[in-house]
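Close look at the chain arrangement
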Amino acid sequence: MKLTLILLFLLLSQVSGELFTIGATFLAGAVISYFYSNSDSFGDQAKSLVCKSGVAYYGDKYIECCNDPWVEPDISGLRYDLENYLFGQHIAKEMIPSAIAASRKEISPSKPLVMSFHGWPGNGKNYVASFIAKNYFQHGADSNYFHLFSGRKDFSVERDVNLYKRQLSNWVRGNVTLCKYSVFVFDEVDKMPFQVLDILKPFLDHHNHYQRVDYRRSIFIFLSNTGGNLITERYLELWRKYGKSREQMTLNDFDSVIGRGAFNEEGGLQKSELIEHNLIDHYIPFLPLEKSHVEMCIKAELDKHGFGHKKEIFDEVMQVVTFGPKPENLFSSAGCKRVSQQVATIVERERFRSRYRSKEL
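The structure reproduced in this document is the subject of the present report. (Residues numbered from 1 in each chain as written. Predicted model: local features only at pLDDT ≥ 70, side-chain atom pairs only at ≥ 80, totals over all residues. Heavy atoms only, no water.)

Bringing the overall build of the protein into the picture now. Secondary structure assignment for the protein yields 15 helices and 9 strands. Among the 361 residues that make up the protein, the fraction classed as buried is 47%. In the protein, of all internal contacts separated by at least 6 residues, the share reaching a separation of at least 24 is 74%. When the accessible area of the protein is evaluated, it comes to approximately 18800 Å², of which 52% is carbon and sulfur surface. (Helix = DSSP H or I, 4+ residues; strand = E, 2+ residues; numbered from the N terminus. Buried < 20%, exposed > 50% of the residue type's maximum accessible area, 1.4 Å probe, protein only. Contact = heavy atoms within 4.5 Å. Areas by Shrake-Rupley, 256 points an atom, 1.4 Å probe, with all protein chains shown as cover.)

Written as structure tokens, this is what we have:
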């Protein structure tokens, strides 16, 4: 009981911002280590205090802490993954690692890094988010400091907007309190109710601290299909009217188009204060994928399964890919979204046929 009271005092002191003595900090680590190894009831606050005590190991377990080696961004690794596994997105490959590297090198950033990825489904937005997690945290997307929200699943009831706002505010504040390097990814923002994301404005604004918490080292990423049609229209305009090739197109060619689409189209960023107050640092266009890019996706999936590049397989997968808009039909309407499942199914079928034929012989 005494140990419980000591722990409760230390936890309350940490939350209220009271300073610890060195001795008290190590006592906190010892106490929390004991209770944490015997109970899961203390949660993330206990983990945080154990890390600060310098005791990140107890029993047969390591606790993930908000420092090296648990949080150690590998920008070179991120560039490698994007270069080798992301197809047709030269703007994203160039801008995203640079933005993350710049935010980490800044001695005293004025605000957290906020990026918004836009484009048709299957063009690589979620893929890039997974690579960021992989190269930012030792545990990748399984890190306690990587937070993924789904607009469709986590914010599905429009009448519960105020409830979602309270929950999101508490979640962000609590988790950044535990780790200033937290990464928050909001998928399917276009499926979120209007105004939910406005609750994030004070966290993303230019403050050293907000409610005694420093958010400037955190990263917020929004993934959305909004602006996808405008990106495609702008691409075709640059190609037809100005003769620009895909590789010649730059972020500046799409920045205002994306911002306008996100602000006006239905979804979580519609009429958003985040856009109105210029709190999104980078709008990243994910360009529509052409046939050659879909073929690269097929090849990568076949390599992953250790299977040969048979023309028949390419042709079969391409049969389920639809292209548009008319009249050119240059772009895959769903990018590479269905490629992984199609290739896996065909590979398994071909291997079954091969085994069956071997048995007949």
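Among the nonpolar cores identified, the biggest contains 40 residues, and Val172, Phe186, Leu197, Leu200, Leu204, Phe222 and Phe254 are the most heavily contacted of them. Those elements that provide at least two residues to this core are helix H8 (161-178), strand S5 (183-187), helix H9 (201-204), strand S6 (219-224), helix H10 (228-242), helix H11 (255-264) and helix H12 (273-276). Looking at this core, the element that brings in the most residues is H8, giving 5 residues. Contact partners of Val172, with chain neighbours within four places excluded, come to Phe184, Leu200, Phe203, Tyr215 and Phe220. Residues Cys66, Ile100, Ile132 and Phe146 belong to the second largest nonpolar core, which totals 34 residues. (Core = buried A, V, L, I, M, F, W, Y, C linked by side-chain atoms within 4.5 Å.)

All right, on to the state of the cysteines then. Per the stated rule, a full pass over the model turns up 2 disulfides. Residue pairing for Cys66: its cysteine sulfur links by disulfide to Cys179, the two sulfurs lying 2.1 Å apart. On the S-S bond that ties Cys66 to Cys179, the torsion sits near 65 degrees, and the link is right-handed. Here the residue Cys66 occupies a position in the loop between strand S2 (61-62) and helix H4 (75-85), and Cys179 occupies one in the loop between H8 and S5, the gap between them amounting to 113 residues. Summarising the burial analysis for this pair, Cys66 and Cys179 share the class buried. (Disulfide = S-S within 2.5 Å.)

A few words on the pairing of S6. Judged by how many residues are buried, S6 sits mostly within the fold: 6 of 6 residues are covered. Of the strand pairs in this sheet, strand S3 (residues 113-118) and S6 are connected by 6 bridges, and their pairing is parallel. Its bridge partner being in S6, His118 is matched across the sheet by Ser224. (Pairing = 2+ DSSP bridges.)

A few words now on a nonpolar patch on the surface. On the surface, Tyr80, Tyr85 and Tyr127 cluster together into a nonpolar patch covering about 330 Å² of accessible area. Here Tyr85 lies in helix H4. (Patch = residues over 30% accessible without salt bridge, like charges linked within 9 Å, V, L, I, M, F, W, Y side chains within 5 Å. Salt bridge = Lys/Arg side-chain N within 4 Å of Asp/Glu carboxyl O.)

Viewed as axis vectors pointing N to C, helix H5 (residues 90-105) and helix H6 (residues 125-136) meet at an angle of 35 degrees, and their least axial separation amounts to 12 Å. In this structure, H5 crosses over H6, and the sense of that crossing is right-handed. Residues Ile96, Ile100 and Arg104 of H5 pack against Val128, Ile132 and Tyr136 of H6. Residues of the contact of H5 with H6, tallied by class, amount to 5 nonpolar, no polar and 1 charged. (Axes fitted to C-alpha atoms, helices over the stretch in contact; angles between N-to-C directions. Left-handed = near helix turned anticlockwise from the far one by under 90°. Nonpolar A, V, L, I, M, F, W, Y, C, P; charged D, E, K, R; others polar.)

Counting across every chain of the model gives 13 aromatic pairs. Taken together, a centroid distance of 6.5 Å and an interplanar angle of 50 degrees make the contact between Phe137 and Tyr145 tilted. Measuring from ring centre to ring centre gives 5.7 Å for Phe203 and Tyr210, while their planes differ by 75 degrees; the resulting arrangement is edge-to-face. Residue Phe203 is classed as buried on the basis of its relative accessible area, which comes to 1%. Grouped by ring-pair contacts, the aromatic residues Phe149, Phe155, Tyr164, Phe186 and Phe222 constitute a single cluster. Above the ring of Tyr181, the side-chain terminus of Arg104 is found at 4.1 Å from the ring centroid. (Phe/Tyr/Trp six-rings, centres within 6.5 Å; stacked < 30°, edge-to-face > 60°. Lys NZ or Arg CZ within 6 Å of the ring centre and 35° of its normal.)

The next thing to look at is unusual backbone geometry. The omega torsion of the bond from Asp68 to Pro69 falls at 0 degrees, within 30 degrees of zero and hence cis. Position of Pro69 among the secondary structure elements: in the loop between S2 and H4. In the segment running from Lys326 into Pro327, the intervening peptide bond is cis, with an omega of 5 degrees. Within the secondary structure, Pro327 sits in the loop between strand S8 (323-324) and strand S9 (331-332). The phi dihedral of Arg212 is positive, around 70 degrees, even though this residue is not glycine.

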